[in-house]
Amino acid sequence: MADEKMEMGEVETALVSPKIKTPPARPPNRFERVFQPCLGELVGTTLFVFIGCVSVIENVESTGRLQPALVHGLAVAVLVASMAEISGSHFNPPFTLAIFLCGGMEMNMVIPYLACQLLGGVVGAAMAKGMTSGQNFAKAHGAAFTVLQSNSQIAGALFGEVAMTCLVTLVLLLGAVNVKTKSPLVPFMVGCTVIFNILAGGDISGTCMNPARAFGPAIVSNYWAYHWVYWVGPIAGGVIAAALVRLLLGDRKIRLILK
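These numbers were taken from a predicted model, which means no experiment stands behind them.

K.L.:
When you look at the overall build of the chain in this model, what are you seeing that I'm missing?
P.N.:
When helices and strands are counted, the chain shows 10 helices and 0 strands. Put simply, the chain runs from its N terminus to its C terminus through helices and strands in the order α-α-α-α-α-α-α-α-α-α. Looking at the 259 residues of the chain, the share that counts as buried comes to 45%. Taking the intrachain contacts of the chain between residues at least 6 apart in sequence as the baseline, contacts between residues at least 24 apart amount to 75%. A total of about 13,700 Å² of accessible surface is found on the chain, and carbon and sulfur atoms cover 68% of it.

K.L.:
What should I look at first to understand the packing of helix H2 (residues 30–57) against helix H9 (residues 211–221) in this one?
P.N.:
Helix-helix packing: each pair is described by the crossing angle between the helix axes and the interaxial distance. Where H2 contacts H9, the axes come no closer than 10 Å and their chain directions differ by 65°. In terms of orientation, H2 lies roughly perpendicular with respect to H9. Crossing handedness for the pair H2 and H9: right-handed. Together, Thr45, Phe48, Val49, Gly52, Cys53 and Val56 of H2 and Ala212, Arg213 and Pro217 of H9 make up the contact between the two elements. Its residues assigned to classes, the contact of H2 with H9 comprises 6 nonpolar, 2 polar and 1 charged.

K.L.:
I would appreciate a short explanation of unusual backbone geometry in the present structure.
P.N.:
The general pattern is negative phi for most residues beyond glycine and trans for most peptide bonds. At Ala143, a residue that is not glycine, the phi angle is positive and equals roughly 70°. On the secondary structure map, Ala143 appears in the loop between helix H6 (134–139) and helix H7 (154–177). Accessibility expressed as a relative area gives 2% for Ala143, which makes it buried. Residues other than glycine seldom take positive phi values, yet Asn222 does so here, at roughly 55°.

K.L.:
Sorry if this is basic, but what is going on with the packing of aromatic side chains here?
P.N.:
Where two aromatic rings form a pair, the distance of their centres and the angle of their planes describe that pair. Under the defined criterion, the tally for this structure stands at 3 aromatic pairs. Measuring from ring centre to ring centre gives 6.1 Å for Phe215 and Trp231, while their planes differ by 85°; the resulting arrangement is edge-to-face. With Phe215 in helix H9 and Trp231 in helix H10 (residues 229–249), this residue pair connects regions lying 16 residues apart in the sequence. These aromatic residues form a ring-pair network of at least three members: Phe215, Trp224 and Trp231.

K.L.:
Any chance you could explain the nonpolar core here in plain terms?
P.N.:
One recurring pattern in soluble globular proteins: nonpolar side chains tend to sit buried together. Counting residues in each nonpolar core, the largest one holds 48 residues, and the members touching the most others are Cys53, Ile57, Leu173 and Val190. For this core, the secondary structure elements donating two or more residues are H2, helix H3 (66–83), helix H4 (93–101), helix H5 (110–131), H7, helix H8 (186–201) and H10. For Leu173, the residues in contact, after removing those within four places along its chain, are Ala98, Ile99, Cys102, Asn178, Ala241, Ala242 and Val245. Ile154, Ala157, Cys208 and Ala214 belong to the second largest nonpolar core, which has 9 residues in total.

K.L.:
Can you help me understand the packing of H5 against H9 in this one?
P.N.:
Running from amino to carboxyl end, H5 crosses H9 at an angle of 50°, the nearest separation of the two axes being 7 Å. Taken together, H5 and H9 sit at an angle that is classed as oblique. The hand of the H5/H9 crossing is right-handed. For the pair formed by H5 and H9, the contact residues are Gln117, Leu118, Gly121, Val122, Ala125, Ala126 and Lys129 on the first element and Ala212, Phe215, Gly216, Pro217, Ile219 and Val220 on the second.

The rules behind these values
Residues numbered from 1 in each chain as written. Predicted model: local features only at pLDDT ≥ 70, side-chain atom pairs only at ≥ 80, totals over all residues. Heavy atoms only, no water. Helix = DSSP H or I, 4+ residues; strand = E, 2+ residues; numbered from the N terminus. Buried < 20%, exposed > 50% of the residue type's maximum accessible area, 1.4 Å probe, protein only. Contact = heavy atoms within 4.5 Å. Areas by Shrake-Rupley, 256 points an atom, 1.4 Å probe, with all protein chains shown as cover. Axes fitted to C-alpha atoms, helices over the stretch in contact; angles between N-to-C directions. Parallel < 35°, antiparallel > 145°, perpendicular 65-115°, else oblique. Left-handed = near helix turned anticlockwise from the far one by under 90°. Nonpolar A, V, L, I, M, F, W, Y, C, P; charged D, E, K, R; others polar. Phe/Tyr/Trp six-rings, centres within 6.5 Å; stacked < 30°, edge-to-face > 60°. Core = buried A, V, L, I, M, F, W, Y, C linked by side-chain atoms within 4.5 Å.

Spelled out as C-alpha cells, the structure:
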C-alpha cells in the first residue's frame, strides 16, 4: 500500500507541475545587433538633449542651477534605465569611447554610435526650439553653453570639463562595465553624478560633459564661442577614466597590468 501511495503521489506531482522544456534562446538578428542599438542611441540622445535644452531655455532665474541640474540628472537616470538592454544607454560620445577602450563594445559600432548621438543632439535641440518661445530661445542662445566669455576662463573651464566628465565616466564604467563592481543602481548613480556636477561646476564651464549636448544647440542657434572646450574637455575626461579602469581600478578581465 505504501508503494502504491508513493507511485500515485509521483503521478499527481508530475501532472500538477510538468517540466516545461524552454526552447533555446534565439541569437539576435542583424536588426537587433546593429540597427536597433543605433536607433536606441539616436532616440535616447534626442530625448535627453531635448528635455535638457528646454530646462535651460525655460529656466526660472530664481531656481538658479537647480532646475537644469535636476532635469538633466533625472533624464539621464530614466533613459539609461529604460534603454540599457537596447543600446547600453551611452547617449554621450566620451561614454562610447571609454566603454570601447575598456572592451565593452565592438569597434564596428563606435562610429555609428557617435554619429547617432550627434544627430540626436541636433534633433533634440531643434525640438526644443520648436517647443519654447522665441524670446526665451534667443535669450538662452538655444541652451548653448555661453558661460565662457573671455580667454581667462578657458583654463578653469577646460579643467572642470575634464575632471567632471572623468568622474561621471568612471561611475559608469565601474557600475556597468567592470564585472567586480557592477551595480543595478548604475542609472541612479550616473544621474546623481550629473546632478551634483552641474550644481558644483555650472558657473565655471556650464558642466557640459557631453559633446552631443553642446553640438546640437550650437548648430541650431549658430553659437560657437569656445565650443571646442566642450569637445576637448569631455573627451579627455572620458579617456582618463578609461585609462584608470584599464590600468588600476578594473578587475583582472579588464586590467592590462598588475594582474
